[in-house]
Amino acid sequence: MSDPARAQVLRLAPDSASMVAAQRLARSGSWRDVGGSERGIWGLCAGSAAAPYETVVDLAGMDGACTCPSRKRPCKHVLALLLLWTDDGIGVAAEPQFVTRWFDRRSAAAQRAATTIRGGTERGSGLADPDAAAKRAAERRRRVDLGLTELDTWLRDQVRAGLATLPRAGYGHFDAVAARMVDAQAPGVAGTLRGIPGELVGADWPERALHALGGLRLLVRAHQGLDRLPPDLAATVRSRVGYPVSKDEVLRGPGVADRWHALAAVDTIEFQLESRRVWLLGERTGRWAVWLAFAVPGQPMDTSVQPGQLIDGDLHFYPGSGQHRALVGAGRRTDPVPFPPRGEGLAEVRAAFAELLAADPWASRMPALVRGVPVAPDEPGRPWLLADGAGETCSLEDAGTDPWMLLAHSCGDPISVFGEWHGGRLLPLAVLAEPAAVPA
């Protein structure tokens, strides 16, 4: 295999520690019964448990599974097995039972998903009773209205009682009303509520808490006047509340053709739901997009879109103003090609975020490509900074990796840092360099 193939495998690593551990494990003598077939590769790896870990990878989707207890996806064993494969260290063999069972389960799950999609398409084509569908939509709207009315009362109570005790209230204080929003079929609101306790830290927590509560209050009022809003803004409100939009409906909409470069991914766990967002940038249009995947504990994550890929084809965007979420339509995935956009100054980034908030007042993050120099803190406890050519600076959020890697990439010269802009703070995810994005 070529060096680009090995580099693509390393870009799958969830963090730098996994990357280092996988390379060390691939060189160790811990592997036995390694083999491959048309469907994938597998092997047994000795670990801390009495029985070896069973590791298998589907080469079509570059998705794997392992019996090790690690919560990282992919784990170091999956990465190490892929590195063995790129080194031509895996020969053809008959599939063991654990490999056959894993592929059979995946095939069965894919068939069930296809059946569900076909069923939704048939219902959308007019075979379902339109009157029944209208009644279901009206009932959902009624339940959401009742739930948001209760939320409005709860929000007023928080402000009336004062915010001083919120940090001591704990997660349960917010989980209770979030559970009520789930019952009211407003899961988007529930997710926002569950995220508020994480904002109640730092010296500026009162400002961020009031911002979160005010955003919810604005969403309540917007939903009350939903029928009077412009179509794009109304779609954004429904999205933030949590009204479902089927993938089939999105894919029937117009596609945006471009060469889409997958720059970086972020994995999170929220309320026992694992999620992954992969950020893409259109080469010709300059448009940003985010591809989302979700998995419950024990379920494999969809890895059909990965950092380092180039998708030459169409993306279909979800309805709403300022929306980045998209689905991949017709097209093909190829190896990455040189794509070194230089990035913007912080003034341009702040102006773009202001435009996003004008279109979607509930937006909390934005993809940003900033051209600047990383600056180490002058004393312990202070954040790292990124300084652009005009002398403006922004704080760098802790990405769980060593920030000195950014300084090593820079060597004191400006670099193009891609990350998520959080209203004045940048979460660095990758450094854009030839031939493709390098994890930050």
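Everything in this summary refers to the structure shown in the same document. Every value quoted in this text rests on a predicted model; they were computed, and no experiment measured them. Residue positions within a chain follow its written sequence, with the count starting from 1. Only residues with pLDDT of at least 70 get local features here, since the model is predicted, and only at 80 or more are side-chain atom pairs given and counted; chain-wide, interface and lining totals rely on the full set of residues. To get the side-chain values, take all heavy atoms of the structure and skip hydrogens and water.

### Regarding the layout of surface pockets
Buried and open spaces are told apart on a 1 Å grid over the protein atoms alone, a cavity being a set of points where a 1.4 Å probe fits but cannot get out and a pocket being an open set with protein on both sides within 12 Å along at least five of seven lines. Residues with an atom within 4 Å of a point are the lining residues. Grid points are joined across faces, edges and corners, and a volume is the space filled by probe spheres set on the points. Of the volumes computed, that of the second largest pocket is approximately 340 Å³. For the second largest pocket, the lining is made up of 16 residues, of which Trp288, His324, Ala352, Met366 and Pro367 are closest to its centre. In this text, helices come from DSSP runs of H or I with a minimum length of four residues, and strands from runs of E with a minimum of two, each type numbered from the N-terminal end. Those elements that place two or more of their residues in the lining of the second largest pocket are helix 12 (346-359) and strand 10 (366-375). Here the lining of the second largest pocket takes five residues from helix 12, the largest share from any one element. Across the lining of the second largest pocket, the residue classes break down as nine nonpolar, four polar and three charged. We call Asp, Glu, Lys and Arg charged. Ala, Val, Leu, Ile, Met, Phe, Trp, Tyr, Cys and Pro are nonpolar, and the rest, Gly among them, are polar.

### Quick notes on the nonpolar core
Of all hydrophobic cores here, the largest spans 31 residues; its most connected members are Leu151, Trp154, Val189, Leu193 and Ile196. The set of elements that each furnish at least two residues to this core consists of helix 5 (130-161), helix 7 (171-183), helix 8 (187-195), helix 9 (205-224) and helix 10 (231-241). Tallying contributions element by element places helix 9 first for this core, with eight residues. Two residues form a contact once any of their heavy atoms are found within 4.5 Å. Contacts of Ile196, omitting those with residues within four sequence positions, involve Phe174, Ala212, Leu213 and Leu216. Residues grouped as a nonpolar core are buried Ala, Val, Leu, Ile, Met, Phe, Trp, Tyr and Cys residues, joined through side-chain atoms within 4.5 Å. Only protein chains enter the calculation, and the probe is 1.4 Å; a residue is then buried if its accessible area is under 20% of its type maximum, exposed if over 50%, and partly exposed in between. The next biggest cluster of nonpolar side chains, apart from the first, holds 24 residues, and it includes Ala22, Tyr53, Val57 and Leu84.

### A short note on helix 8
Regarding helix 8, the residues found buried are Val189, Ala190 and Leu193. Buried residues of helix 8, viewed axially, fall in a sector of 100°; they line one side. Elements in contact with the buried residues of helix 8: helix 5, helix 7, helix 9 and helix 10. In this context, the arc is that of the directions from the helix axis out to the C-beta atoms.

### Here we look at the sheet that holds strand 4 (residues 63-66)
Ordered by their spatial adjacency, four strands build an open sheet running 1-2-3-4, and the pairing between neighbours is antiparallel. Looking at the sheet topology across the chains shown, the edges are occupied by strand 1 (31-36) and strand 4. Along the sheet, successive strands turn relative to each other by an average axial angle of 10°, direction set aside. When strand 2 (residues 40-45) meets strand 3 (residues 53-58), the two strands line up antiparallel, connected through six bridges. At least two DSSP bridges between two strands are required for those strands to pair. Axis angles are defined between N-to-C directions and span 0 to 180 degrees, where every axis is a line fitted to C-alpha atoms and, for a helix, only to the segment in contact.

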